[in-house]
Amino acid sequence: MPNLYKSTMSKNVNLHIIKTKKFKTNLINVFLKRPLRQDEVSKNALLTMVLGRGSKNYPNTKVLSEELENLYGAAFVWDTAKKGEKNIIRIAFQMVNDMYVKDDHVFKKGLSILNDFINNPLVENNKFNEEYVKQEKKNLIERIEAQKNDKMRYAYDRCIEEMCKGEPFALSEYGSVEDVNKITPEELYSHYEDIIKSSEIDLCVVGNVKKDEIEKIIEENLKFNVDSVVPVKREKISGAREEVQVVTDEMDINQGKLTLGYKTNVAYEDKLYNPLVVYSSILGGGVNSKLFKNVREKESLCYYVFSRIEKFKSLMFIGSGIEFDKYERAIEVIGEQIDSMKKGDFNEDDIISAKNSIITSVRSMTDSAGMLSDFYYTQSISKTNDSIEEIIEKIRRVSKEEIIEVASKIQLDTIYFLKNKGEEK
């Protein structure tokens, strides 16, 4: 398992070094933590697309590509994500480890490029390159509109939107077409100037590196000047509404998409969080789950069915693809499986199968530098700080009684159904 070292580089800038011999590359992720807010989520998404187009010394993708090729095929990625009600901007630079090439300064050169894009973006007259902004606004709008093409994901997101209406969690990490259209090159650059000075920043390095050496190289080659940070509040957790809300949308589709949203009433800091993860796996975690066996196999009500926990917001969703006329029966049988979990209608084999599946999934994070970095960063911002081995040990210790206790807390809040136009529900 990897070794983790943490330190503070400067005010509001944290360094996480994840030392592992598993990879021949070194990865550095720069995470900027922002509140998930309507007034900036579209700008943050657009920023990750515009900033990667060029910097003062690498003004276009051709010049950058040549430089990355000189660094033995280094990779440079900008993206944005939603973690609960936190909007995370990520800048990733992955390069070969110095020990595998005839160059002792690959990491240093990589940081120099990274620093140029962060601190010397391509700016003309206090605004980003107008053509780049125009092109990337078009690309971002296409990405937002393309979300409708994945009907399973669309139904899932729409359920969240309705269930959490009026809360930040209802927002998409890509923002909205309306807000993207309004952004100007001047406004976007002004926003970047603000967030680079007012965001808590975490640097995560993954690779076979020496702690003291890496700290020194980063201090010398990657500069940040963060003043007072914008606070990012802990997500609010609430119980289910008194009466379950039912939302139906229509589209030209061949298969109905049913998503049920539940309040788990279990916070991620709670001792029952790991039992909740096991509960969800037994319920809808795969081919051995109760939902798969009963809703899909026994009753032939769906093409797929799964349950998923939204950790930061203490929610659980059950998603399923069904025939339009099986809507009522599908809800009924799903409800029966929820009730059976409350009654403890599952055995030791179910628990062992669920635990093994979770442990395999947790362990698989060590197979990817990106997943390792994301895992430890997520642990850091949630202040849970358990290592991979500690999580595995906690999963192993989960008891049937704890799973039943979790089951008693689950409350249905929202039923969302995406059906074909003109279909009766």
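Right above here is the structure, for reference.
Here the structure is a predicted model, which is why all the values come from computation and not from measurement. (Residues numbered from 1 in each chain as written. Predicted model: local features only at pLDDT ≥ 70, side-chain atom pairs only at ≥ 80, totals over all residues. Heavy atoms only, no water.)

Concerning helix H3 (residues 106-119)
What counts here: Only DSSP runs of H or I with at least four residues qualify as helices, and only runs of E with at least two residues qualify as strands; both kinds are numbered from the N terminus onward. Each helix should span, by expectation, one fewer than its residue count multiplied by 1.5 Å. We call a residue buried when its accessible area falls under 20% of the maximum for its residue type, exposed when it is over 50%, and partly exposed in between, using a 1.4 Å probe and counting protein chains only.
In this model H3 runs 20 Å from its N-terminal to its C-terminal C-alpha over 14 residues, within 8% of the 20 Å that 1.5 Å per residue would give. Counting buried residues in H3 gives 10 out of 14 residues, a clear majority hidden from the surface. All buried positions along H3 are accounted for by Val106, Phe107, Gly110, Leu111, Ile113, Leu114, Asn115, Asp116, Phe117 and Ile118.

Things to note about the pattern of salt bridges
Filter applied, for reference: Each reported salt bridge corresponds to a side-chain nitrogen of Lys or Arg within 4 Å of a carboxyl oxygen of Asp or Glu.
Within this structure, the stated rule accounts for 37 salt bridges. The salt bridge partner of Lys22 is Asp367, with a shortest N-O separation of 2.8 Å. Taken together, the residues Lys22 in the loop between strand E2 (13-19) and strand E3 (25-35) and Asp367 in the loop between helix H12 (348-364) and helix H13 (369-382) connect sequence positions 345 residues apart. A salt bridge links Arg37 to Glu40; its shortest N-O distance comes to 3.1 Å. On the accessibility criterion, Arg37 (34% relative accessible area) is partly exposed. Assessed through its relative accessible area of 2%, Glu40 is described here as buried. Where salt bridges share partners, they join Arg158, Glu161, Glu162, Lys165 and Asp249 into one cluster.

Here we look at the sheet that holds strand E6 (residues 200-207)
By way of backbone hydrogen bonds, the strands of a sheet pair with one another, either parallel or antiparallel. Note the cut-off: In short, DSSP must find at least two bridges between two strands for them to pair. Simply put, an axis is a line fit to the C-alpha atoms, just over the touching stretch for a helix, and the angle between two N-to-C directions goes from 0 to 180 degrees. For this analysis, residues touch if any pair of their heavy atoms sits within 4.5 Å.
Read across the sheet, six strands follow the order E1-E2-E6-E3-E5-E4 without closing on themselves; strand pairing throughout is mixed. Unpaired on one side and paired on the other, strand E1 (3-10) and strand E4 (75-83) mark the two borders of the sheet. When strand polarity is set aside, the average angle formed by the axes of neighbouring strands in this sheet is 20°. Strand direction decides the pairing type here: E1 and E2, joined by seven bridges, are antiparallel. Each bridged residue has a counterpart across the sheet, and for Ser7 the counterpart in E2 is Leu15. In the packing of H13 onto the sheet, contacts are made with E1, E2, E3, E4, strand E5 (86-96) and E6, and the angle to E3 comes to roughly 35°.

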